[in-house]
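Spelled out from the first residue to the last, the chains are:
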Amino acid sequence: MRYYIIAGEASGDLHGSNLMRGLYAEDPEAAIRFWGGDAMSGVWKENERSGDGGLVRHYRGTAVMGLTDVLKKLGSIGKNLKSCREDILAWKPDVVILIDYPGFNLKMAEFAHSKGIKVFYYIAPKVWASRENRIRKIRRTVDKLFIIFPFEIPYFQSKGVDFIYKGNPLVDAIDRSLADGPSREEFLAANGLSGPYIALLAGSRKGEIDSMMPKYMEFAAGLRSMARYRDTQFVVAGAPGRDMVDYARWIKGSEDFVHVVFGKTHEVLRHADAAVINSGTASLEAVLTGTPQVVAYAMSPLTYAIAKHLIRTKYISLGNLVVDRLAFKELVQNDFTPDALKDEVIELLESEPYRNRMLESYSEIRNRLGGGGASRAVASAMMALLR
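Residues numbered from 1 in each chain as written. Predicted model: local features only at pLDDT ≥ 70, side-chain atom pairs only at ≥ 80, totals over all residues. Heavy atoms only, no water.

Draft legend 1. Fine view of the overall build of the protein chain. Looking only at helices and strands, the protein chain features 18 helices and 13 strands. Taken against the 2.2 N^0.38 rule, which gives 21 Å for 387 residues, the C-alpha radius of gyration of the protein chain at 21 Å falls within 12% of a compact globule. Taken along the three principal axes of its C-alpha coordinates, the protein chain extends 65 × 45 × 40 Å. Taken over 387 residues, the protein chain has a buried fraction of 56%. A separation of at least 24 residues holds for 65% of the contacts in the protein chain among residues at least 6 apart in sequence. Summing over all exposed atoms, the protein chain offers an accessible surface of approximately 16300 Å²; the carbon and sulfur share of this is 49%. Between the centroid of the 51 positive side chains of the protein chain and the centroid of its 46 negative side chains there is a distance of 7 Å. (Helix = DSSP H or I, 4+ residues; strand = E, 2+ residues; numbered from the N terminus. Rg over C-alpha atoms; globule rule 2.2 N^0.38 Å. Buried < 20%, exposed > 50% of the residue type's maximum accessible area, 1.4 Å probe, protein only. Contact = heavy atoms within 4.5 Å. Areas by Shrake-Rupley, 256 points an atom, 1.4 Å probe, with all protein chains shown as cover. Lys, Arg positive; Asp, Glu negative; His and termini not counted. Charge placed at Lys NZ, Arg CZ, Asp CG, Glu CD.)

Draft legend 2. Quick look at helix α6 (residues 134-141). When α6 is considered as a whole, its buried residues turn out to be R134, I135, I138 and T141. Buried residues of α6, viewed axially, fall in a sector of 150°; they line one side. The inward-facing, buried residues of α6 abut α5 (102-114), β5 (118-122) and α7 (152-158). (Arc of directions from axis to C-beta.)

Draft legend 3. Geometry of the nonpolar core. The biggest cluster of nonpolar side chains holds 117 residues, and the ones touching the most others in it are I6, I97, Y122, F156, M213, Y216 and V276. Among the elements that make up this core, the one with the highest residue count is helix α10 (residues 206-224) (eight residues). Of all hydrophobic cores here, the second largest spans 16 residues; its members include F187, Y197, V235 and V268. (Core = buried A, V, L, I, M, F, W, Y, C linked by side-chain atoms within 4.5 Å.)

Draft legend 4. Molecular detail of helix α1 (residues 10-26). Taking 1.5 Å as the rise per residue, α1 with 17 residues should run 24 Å; its terminal C-alpha atoms sit 24 Å apart, in good agreement. Of all 17 residues making up α1, 13 are buried, and the element is well covered by its neighbours. (Expected span 1.5 Å × (residues − 1).)

Draft legend 5. Highlighting the environment of P214. Note that P214 resides in helix α10. Separated by 87 residues in sequence, P214 and P301 place their C-alpha atoms 16 Å apart. Those residues in contact with P214 that sit more than four places away from it in its chain are I209 and W250.

Draft legend 6. Up close: the packing of aromatic side chains. Under the criterion given, the structure shown has 13 aromatic pairs. Both rings, one in F219 and one in F234, keep their centres 5.8 Å apart while their planes meet at 80°; by these two values the pair is edge-to-face. Highlighted residues: F219 in helix α10 and F234 in strand β9 (residues 233-238), separated in sequence by 15 residues. In this pair, the class of F219 matches that of F234, namely buried. On the basis of an interplanar angle of 65° and a centroid distance of 5.8 Å, the ring pair of Y247 and F262 is categorised as edge-to-face. Taken together, the residues Y247 in helix α11 (residues 245-251) and F262 in strand β10 (residues 258-262) connect sequence positions 15 residues apart. (Phe/Tyr/Trp six-rings, centres within 6.5 Å; stacked < 30°, edge-to-face > 60°.)

This is the structure in structure tokens:
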């Protein structure tokens, strides 16, 4: 079979890479062409076969953040859509597999459907949070939807959308990483660290990094100004597809206690004493690595004003949505200040009962996400449908 996969962000690249492993395992003749990133490229290189497609475009050139970023990049988005349509027609896949990234991928679903190409959507657009009108397009253009959260089951059932649920693929990704990763002592030594540290995750898009890092650095300086935390270090998990240029301006002058580590997000999380995370997939990764966390997120005032009217969920973090309560704190927009961040991190570090309650909630979240093998199970289901 010939598979054309489109992922437009770091989380989609991660899930796409695990799906590709499953497709290669299930289909000895799989040929895969894709939009994605380093993780998907790595799997493709391990399994490259004659006639295989490979990477078309890296997500770092396609990802956008919020309304203002979309408006700035309208021209490039249009060019990417045109290029993708032409490439699909030229390559003639048996199926187009879309991973999240709905602003772009729903347009590609409509196009592929109009050309008689089967469309699978893996990791549903978050229509349960906002823009529910997209459901009509999903019903009309997607042959099968593959969901990854248990709370999505009753939602899509109520909307009459045909779906398959096989668990959450992040469980496998984290478990594989933890099994193969270094010990805490090995990680500290390999990255020039000497003791306790706080993990900082600022997102994968440049706009997110520029929005988050100034407050992160003010928080770090504030925490270290306290006598009992003067030796605390901070490790920024460098996002896939980014390089030091994206972070250097923000950590200038703080290099002795702020380190940027690339390609080791799961290790950075696993060995941290606590983590500050900008929501998204990373907050769920912290749950699965067992790292106490606080979620902090801010966007442009215009984007936030619009989002307040569009988003219908109580929480912005996937882990909190799974258990439908605040398993860990969310500091959003005006609540996200360096002082508020400092107070919450101190609570995580110094209050054992507080931390233990969070870890108990983590166990509940993991149980609700199901066991391992989700990616291969999805690949097998896709193969059955195609046959």
